[in-house]
Every structure is written in C-alpha cells, then in structure tokens.
Amino acid sequence: MQSAERRHLLLAGALSLLGAGALTACASKPYVVPAPAIIPGEAWGSVPMPNTGSAQTITHITLHHQGETWNPARDPAEYLPKLQSWSRTTRRWADIPYHYVISPNGRIYAARSESIAGETNTEYDPRGHLLIMVLGNFEEVEPTPQALAAVAELMAWSAQRLKLGVDSIATHKDHSKQTVCPGKHLYRHVQSGWLKNAVAARMAGQPLPPT
C-alpha cells in the first residue's frame, strides 16, 4: 500500500508540474494579430503590374489621405481601376501609388504590391514605406470611426508580421514639408497619440481604445 500510495503521489506531482509548464507556455505565447479582411486586386479589376525583379524592405508605415472630396455612395471598386489607369498612363507610375486603400466604411482594398515601393508627388523618398491611403479629404471632413479602426487594425497586423514597432508609424506630412496630407482632422488622431496607442493595443491583444 505504501508503495502504491508513493507511486500515486509521484504521478500526481509529475502531472502538476506538466500542467504548470503548459500554463507557463500558454502565458508566454505571443499574441498573433488577426489579418483584417482585405479585398484583393482581382476583386476590383486590378490589372497586375509587371515583375520589376526587385523588392523593397519595409521599415516604415506611412498614412496618407486621398485629398479629394469623396462621395460615400461611390463604390471604391469603380474608382480604383480609374486611379490605376491614371497612375500608369498619366503619371507613368508602375501602379496605384499606395499599397492599401481604405474606404469610409472601413473596407480595406489591396492596391500596389507591398514588394514594390510606392510613389509620391512630394520630395520624400517612399522606398521602404508601406503606404496606406484613406479615401476623402480630411482637411474638410472627419474620418469615420470605421475608417480609423481599419487603419489601426491594418497597421497592427502589418507591423507585427513585418517585425516593426509603433515608432515606425508616421504620416506623409511627417516625411515631407510640401503637403498637409493626411489632413488636419485625420492627423489629429496621430498627433494625440491615439493611433500608436491603438496599434500597440491590438498588437497586445487588447481592444481598440475609444476615439
């Protein structure tokens, strides 16, 4: 009996240690930011860009606005092919200058391939930048809560998979003296610290802070 009881106690102790180890492993496992829903280029009629044979290493995440009045009733899937055509034929760019486009209702559209550096009309060098553009002119209007949430979710997911910190996040005007982009009403959420706090919260598995 003593031998059986001793074996029982040893087994119980081993199981207890295994359980503690499993709990420790679970507690130390980093949170993985879920990928947001992204509408791929083929869904809005994108014409694939040619392979340039080179790929950029992303070190910055940079926020832009469209800079034009946006009619919320307009379908981005109708607008994006026109933007792509203008970018290629008028500007002679390889593609839409931004990697992602976000609509006022918070839908995220894939645009230029992340592996290819974006474009700009100003003096800063966008090589190494992941460019995110929100539809609208935020010198004139406020960004919607849905758009702000989409920006934060996209940036959190991107920063984690690209192994970047929140210090990599900035806006067009932070890199250029020639623009007010992304507009004062959107920039306010960056200047106040809300955007970086929101991205940090999502990367830690916490909900977005209120705007």
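Residues numbered from 1 in each chain as written. Predicted model: local features only at pLDDT ≥ 70, side-chain atom pairs only at ≥ 80, totals over all residues. Heavy atoms only, no water.

Student: Can you walk me through the packing of aromatic side chains in this structure?
Tutor: The relation between two aromatic rings is expressed through the spacing of the ring centres and the mutual angle of the planes. According to the stated counting rule, one finds 2 aromatic pairs in the structure shown. Note on Trp 70 and Tyr 79: the rings are 5.3 Å apart at their centroids and 75 degrees apart in plane angle, and the pair reads as edge-to-face. When its relative accessible area of 10% is taken as the criterion, Trp 70 is described as buried. Owing to a relative accessible area of 8%, Tyr 79 belongs among the buried residues under this scheme. Ring centres of Trp 86 and Trp 93 lie 5.8 Å apart, and the angle between their planes is 90 degrees; this geometry places the pair in the edge-to-face category. Residue Trp 86 is classed as partly exposed on the basis of its relative accessible area, which comes to 36%. (Phe/Tyr/Trp six-rings, centres within 6.5 Å; stacked < 30°, edge-to-face > 60°. Buried < 20%, exposed > 50% of the residue type's maximum accessible area, 1.4 Å probe, protein only.)

Student: Explain the side chain of Ser 46 to me, please; I cannot follow it from the model alone.
Tutor: Position of Ser 46 relative to the elements: it lies in the loop between helix H2 (41-44) and strand E2 (60-65). Among the polar contacts made by the side chain of Ser 46, one reaches the side chain of Gln 84 at a distance of 3.0 Å. Sequence-distant contacts of Ser 46, defined by excluding residues within four places in its chain, comprise Gly 41 and Gln 84. (Helix = DSSP H or I, 4+ residues; strand = E, 2+ residues; numbered from the N terminus. Polar contact = N/O pair within 3.5 Å; in protein donor to acceptor, adjacent residues only side chain to side chain. Contact = heavy atoms within 4.5 Å.)

Student: Even after reading the chapter, I still don't get the nonpolar core, so can you show me in this structure?
Tutor: It is characteristic of soluble globular proteins that their nonpolar side chains tend to be buried jointly. Membership of the largest hydrophobic core comes to 31 residues, with the highest contact counts inside it found for Leu 63, Ile 102, Met 155 and Leu 195. Elements supplying a minimum of two residues to this core: E2, strand E3 (100-102), strand E4 (108-110), strand E5 (129-134), helix H4 (145-161), helix H6 (184-191) and helix H7 (194-203). A per-element tally of this core places H4 first, with 10 residues. In terms of nonpolar packing, the next biggest core, distinct from the first, is built from 15 residues, Ile 39, Tyr 79, Leu 83 and Leu 131 among them. (Core = buried A, V, L, I, M, F, W, Y, C linked by side-chain atoms within 4.5 Å.)

Nothing here speaks to function; it is all geometry.
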